[in-house]
Amino acid sequence: MFFVPLAYATNYCVGTIGSGKCPAGYTGYANDTRWTAQANVPADIADFIIDENMKLTLGGANPGSTIDLNATGTLYVLGKLSTNSSYTDNVTGYGAVMRAGSIYVSSLGIIEGNGTGFRGSVSSSYRGDGPGGGYSQNAAGGQGAAHGGRGGRVDANFYQPLPYGSIVYPTTLGSGGGAYDSSTHFGGNGGNALMLFASSTVEVNGTINASGTPNPPGATAGGAGAGGSILINASTIKGTGLL
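Residues numbered from 1 in each chain as written. Predicted model: local features only at pLDDT ≥ 70, side-chain atom pairs only at ≥ 80, totals over all residues. Heavy atoms only, no water.

Let us look at the overall build of the chain. Within the chain, the regular secondary structure consists of zero helices and 14 strands. What you see in the chain, going N to C, is helices and strands ordered as β-β-β-β-β-β-β-β-β-β-β-β-β-β. A compact globule built from 243 residues should have a C-alpha radius of gyration of about 18 Å, and the chain, at 19 Å, falls within 12% of that. Taken across its 243 residues, the chain has 48% of its residues classed as buried. Once local pairs closer than 6 in sequence are excluded, the contacts in the chain between residues at least 24 apart make up 71%. Surface accessibility of the chain: about 10700 Å² in total, with carbon and sulfur atoms responsible for 52%. Between the mean site of the 10 positive side-chain charges and the mean site of the 12 negative ones, the chain shows a separation of 6 Å. (Helix = DSSP H or I, 4+ residues; strand = E, 2+ residues; numbered from the N terminus. Rg over C-alpha atoms; globule rule 2.2 N^0.38 Å. Buried < 20%, exposed > 50% of the residue type's maximum accessible area, 1.4 Å probe, protein only. Contact = heavy atoms within 4.5 Å. Areas by Shrake-Rupley, 256 points an atom, 1.4 Å probe, with all protein chains shown as cover. Lys, Arg positive; Asp, Glu negative; His and termini not counted. Charge placed at Lys NZ, Arg CZ, Asp CG, Glu CD.)

Within the structure shown, the criterion is met by one disulfide. Residue pairing for cysteine 13: its cysteine sulfur links by disulfide to cysteine 22, the two sulfurs lying 1.9 Å apart. Note on the cysteine 13 and cysteine 22 pair: the S-S dihedral is about -65 degrees, so by sign convention the disulfide is left-handed. Of the residues examined, cysteine 13 reaches a relative accessible area of 0% and is grouped as buried. (Disulfide = S-S within 2.5 Å.)

In this section: unusual backbone geometry. For aspartate 32, which is not glycine, the phi dihedral falls at a positive 65 degrees. Mapping aspartate 32 onto the fold places it in the loop between strand E2 (27-29) and strand E3 (33-35). Even without being glycine, asparagine 53 reaches a positive phi, approximately 70 degrees. Tracing the backbone shows asparagine 53 in the loop between strand E4 (45-50) and strand E5 (55-58). You can call asparagine 53 exposed: its relative accessible area is 74%.

To continue, consider the pattern of salt bridges. Under the counting rule described, the total for this entry stands at four salt bridges. Among the ionic pairs, lysine 21 bridges to glutamate 52, the shortest N-O distance being 3.5 Å. Taken together, the residues lysine 21 in the loop between strand E1 (10-14) and E2 and glutamate 52 in the loop between E4 and E5 connect sequence positions 31 residues apart. Note on glutamate 52: relative accessible area 30%, which makes it partly exposed. A salt bridge links glutamate 112 to lysine 80, with the nearest nitrogen and oxygen atoms 3.9 Å apart. Separated by 32 residues along the polypeptide, glutamate 112 in strand E11 (residues 110-112) and lysine 80 in strand E8 (residues 80-83) bring together distant segments of the chain. A residue is classified by how much of its surface remains accessible, and glutamate 112, at 17% relative accessible area, is buried. Look at lysine 80 and you get partly exposed, because its relative accessible area is 27%. (Salt bridge = Lys/Arg side-chain N within 4 Å of Asp/Glu carboxyl O.)

For the coordinates displayed, the defined rule picks out six aromatic pairs. On the numbers, 5.3 Å between centres and 80 degrees between planes, the contact of tyrosine 29 with tryptophan 35 is edge-to-face. Given a relative accessible area of 21%, tyrosine 29 falls into the partly exposed group. Where tyrosine 135 meets tyrosine 159, the ring centres are 5.8 Å apart and the plane angle is 85 degrees; that geometry is what we call edge-to-face. (Phe/Tyr/Trp six-rings, centres within 6.5 Å; stacked < 30°, edge-to-face > 60°.)

See below:
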């Protein structure tokens, strides 16, 4: 699960080197860098810093490429680490994995995967993506999706999406909501699966968000997407942040 320290590991920072929290001697990446394939991610990461007011995105357009961020030292999230998921059908999905010796999310830091899980439906003829995708309920509107609990149902004549995934080891994406029609009232997207592994400590003083999204603006009759998963596996877990 964890990595043997590399003999020639490199320290990286998203931000301006020698300014803010990016020390001199680090290798820099520009703000709003997006890694759309695993080949974009350095294989020799020691410490990795995302500076305040800076953003790094793992993954491409939804559904994005599967990206893992692996560091042998400490991952410091002082700005925003945005993630996307990858999936192939309504059953399988793969979230974002972050591995490091330690992971630190500052009070201003954000790891976000809200609305980047399974997609909401854009047609009343199809349910939202994912095992718990919402259906269209015709005049009653689109259903809210299921994940850790049952999906929504405002009409007893329609099937209610059932829960799935594990409450002990959560790694599944949230499903997409159902659409009311095929023009504007679409379903919301599900949340991502955010998995943090540290051989030492994970400290969260900021925010980790894997929420589903409500129906898009103007789509008041669409169903909301279900929340995704947050898994933290470490020797020590601490902090005053929000999950």
